[in-house]
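# Coordinate analysis (summary)
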Amino acid sequence: MLLDIHQYLDDTFGSSYVSLRDVERFRTIYEFFNSKLPMNAHKNTATYIGYDNRSERALIMTFIFCYTLRIESDTIKRRLYSMIEGGLNLPLNFVTVVKGVEETDFFHRLRIDYGSIAANSAIKENIYCFFVAIYNKLPMIIVGPPGCSKSLAIRILTENMKGYNSEDKYLR
């Protein structure tokens, strides 16, 4: 499946779009998700489809983090999601559900003044991506127009990631 995704990205964006560094990053991020992903994230949201496979959840989140987040086109993202679902024999739109569940679970672990912040998909995705990158010491650049929560995401994370003093063990 990884080879198929690399081939699709090469065909779509050119041969320099993916490299062996992406494979190494994939391995690192998969190990992180497979060992650190909280198992209770899906209990109230995705149980209706009987989904509790940690390694598959880790694989889905790894593909999303390593490949789909850097793609602007929704059409290409949906194609990659479809390739993941087909490769893992998962139902249609399952990747979107898992992504939403994981980002929402993480967002609710944070101490945030909810009165002034809209919990939209952009802020959830930015916070989650920054967290994964920081935790794994990976460089990350988030690009977007003013007001799409880039700086806010960093501020929220710095207020919550306090090492052993963090209230949630996932943030330590």
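Residues numbered from 1 in each chain as written. Predicted model: local features only at pLDDT ≥ 70, side-chain atom pairs only at ≥ 80, totals over all residues. Heavy atoms only, no water.

Once that is clear, we can look at helix 1 (residues 2–13). With 12 residues, helix 1 extends 16 Å between its outermost C-alpha atoms, agreeing within 8% with the 16 Å of an ideal straight helix rising 1.5 Å per residue. If you check which residues of helix 1 are buried, you get Ile5, His6 and Leu9. Along helix 1, the residues classed as buried sweep out an arc of 100 degrees about the axis, all on the same side. Helix 1 presents Leu3 and Asp11 as exposed residues on the side facing more than 90 degrees away from its buried surface. Buried residues in helix 1 make contact with helix 2 (20–36), helix 3 (54–68) and helix 4 (74–88). The positive-phi residue at the C-terminal boundary of helix 1 is glycine 14, with phi of around 110 degrees. (Helix = DSSP H or I, 4+ residues; strand = E, 2+ residues; numbered from the N terminus. Expected span 1.5 Å × (residues − 1). Buried < 20%, exposed > 50% of the residue type's maximum accessible area, 1.4 Å probe, protein only. Arc of directions from axis to C-beta. Contact = heavy atoms within 4.5 Å.)

The next subject is the nonpolar core. Within the largest apolar cluster, 46 residues are counted, with the highest numbers of intra-cluster contacts made by Phe33, Ile60, Phe106 and Ile127. Contributions of two or more residues to this core are made by helix 1, helix 2, helix 3, helix 4, helix 5 (94–109), helix 6 (121–135) and helix 7 (150–160). Sorting elements by how many residues they give to this core places helix 3 first, with nine residues. For phenylalanine 106, the residues in contact, after removing those within four places along its chain, are Ile127, Tyr128, Phe131, Leu157, Tyr170 and Leu171. (Core = buried A, V, L, I, M, F, W, Y, C linked by side-chain atoms within 4.5 Å.)

Here we come to unusual backbone geometry. Even without being glycine, asparagine 89 reaches a positive phi, approximately 60 degrees. For asparagine 89, the location among the structural elements is in the loop between helix 4 and helix 5. Residue classification places asparagine 89 among the exposed positions, given a relative accessible area of 70%. Despite not being glycine, lysine 137 shows a phi value in the positive range, around 55 degrees. When you line up the elements, lysine 137 lands in the loop between helix 6 and helix 7.

A word on the layout of surface pockets. To find leftover empty space, a probe the size of one water molecule is rolled over the atoms. Size it by volume and the largest pocket reaches roughly 880 Å³. Forming the walls of the largest pocket are 26 residues, and the residues nearest its centre are Leu69, Arg70, Ile71, Lys77 and Glu125. Class assignment of the residues belonging to the lining of the largest pocket gives a composition of 15 nonpolar, two polar and nine charged. Reported here for the second largest pocket is a volume of approximately 150 Å³. Taken together, Ser35, Lys36, Leu37, Pro38, Arg109, Tyr135, Asp168, Lys169, Tyr170 and Arg172 make up the lining of the second largest pocket. When its residues are assigned to classes, the lining of the second largest pocket shows four nonpolar, one polar and five charged. (1 Å grid on protein atoms, 1.4 Å probe; cavity = no way out; pocket = protein on both sides within 12 Å on 5 of 7 lines; lining within 4 Å. Points joined across faces, edges and corners; volume = space filled by probe spheres on them. Nonpolar A, V, L, I, M, F, W, Y, C, P; charged D, E, K, R; others polar.)

Any functional reading would require information beyond the geometric quantities listed.
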